[in-house]
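# Structure at a glance
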Amino acid sequence: FPSHDIRGVGFKTADNIAQKLGFLKESTARVKAGILFTIQQSTSIGHIYQELATLKNLAFHLLELDPALHTSCMKQALTQLYNEDKIKLIHYKEEYFITTSMLYHTEKNLANKFLAIAIHPSKFSVDLQKMYQQLETQTKIELHEQQIKGILQCFSSKISVITGGPGTGKTTLITCLLDILEQEGFTFKLAAPTGRAAKRMMEGTKRFACTIHRLLEFDAGSMGFNFND
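All values reported here derive from a predicted model rather than from experimental measurement.

Reading the values: rules and limits
Residues numbered from 1 in each chain as written. Predicted model: local features only at pLDDT ≥ 70, side-chain atom pairs only at ≥ 80, totals over all residues. Heavy atoms only, no water. Helix = DSSP H or I, 4+ residues; strand = E, 2+ residues; numbered from the N terminus. Rg over C-alpha atoms; globule rule 2.2 N^0.38 Å. Buried < 20%, exposed > 50% of the residue type's maximum accessible area, 1.4 Å probe, protein only. Contact = heavy atoms within 4.5 Å. pLDDT = per-residue confidence, 0-100. Expected span 1.5 Å × (residues − 1). Salt bridge = Lys/Arg side-chain N within 4 Å of Asp/Glu carboxyl O.

This part is about the overall build of the protein chain. Tallying secondary structure elements over the protein chain gives ten helices and seven strands in all. The globule rule puts the C-alpha radius of gyration for 229 residues at 17 Å, and the 24 Å found for the protein chain is more than 25% above it. C-alpha extents for the protein chain along the principal axes are approximately 75 × 45 × 35 Å. Relative to its 229 residues, the protein chain shows a buried fraction of 28%. Of all intrachain contacts in the protein chain linking residues separated by at least 6 positions in sequence, the fraction that spans at least 24 positions is 47%.

Structure representation (structure tokens):
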């Protein structure tokens, strides 16, 4: 059942071909492909992990199988995928989550990289007390307490994540942060995952921003970057 092995062949195409060739709807190969496709669909909307019960329900629906009749097929397919190291099972807060092994290792490697950056000593030092006083008295933009904490966090940690819905002040925080960087004589680069995000960053901060691929000079020929870590 080649939908996850052959580039350009999606699950639905492979499923139609397989059923015409005589594959049973409850065949283990078909259920395995359906599970992997379900995880893939989940990741396309931003979820790395899928809760196990939810994943089963979505896969049953995709495969047009009855949970009451085909529970053993689902269990067997999940067991085989796990034994083949194609999926990982995560136990967290009394719940079980499923992801692909590739996504699991990608996230783990990313976490290790973040940890290495976070614990590596910084070559810059900033007087946080002085900066706090400046933020309270000298900034042209009125900041609330959480924004001030966010800016100070950026200067006290190697990696910071600023989150919040639309209108919560993320762009204001970043703009104020950049003003301080310029006042202190720091150089910086602004980058975003997509061209649209980079454009919005430029519009919000009135400073040049580009995609991460452009910043690191992605080379399509070698499928790598001209700048390393």
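The rest of the description comes next.
A few words on the confidence of the model for the protein chain. Regions with low pLDDT should not have their predicted coordinates read in detail. Mean pLDDT for the protein chain: 86, with 92% of residues reaching 70 or above. Predicted confidence in the protein chain is weakest over helix α1 (residues 11-20), with a mean pLDDT of 71, and strongest over strand β5 (residues 210-211), with 96.

Here helix α8 (residues 170-183) is 14 residues long and its end C-alpha atoms lie 20 Å apart, about the 20 Å a rise of 1.5 Å per residue gives. Regarding α8, the residues found buried are Leu 173, Thr 175, Cys 176, Leu 177, Leu 178, Ile 180 and Leu 181.

This brings us to unusual backbone geometry. With a phi close to 50 degrees, Lys 93 is a non-glycine residue in the positive phi region. Relative to the assigned elements, Lys 93 resides in the loop between β2 (87-92) and β3 (95-100). Among the residues examined, Lys 93 registers a relative accessible area of 65% and is labelled exposed. Positive phi, normally seen in glycine, also occurs at Met 223, with a value near 55 degrees. Mapped onto the elements, Met 223 comes out in the loop between β6 (218-219) and β7 (224-225). By relative accessible area, which is 62% here, Met 223 ends up exposed.

Another aspect to go through is the pattern of salt bridges. On inspection of all chains with the given rule, the structure shows six salt bridges. Glu 84 serves as the salt-bridge partner of Lys 86, at 3.8 Å between the closest nitrogen and oxygen. Look at Lys 86 and you get partly exposed, because its relative accessible area is 31%. Several salt bridges converge on common partners, so that one network encompasses Lys 32, Glu 84 and Lys 86.

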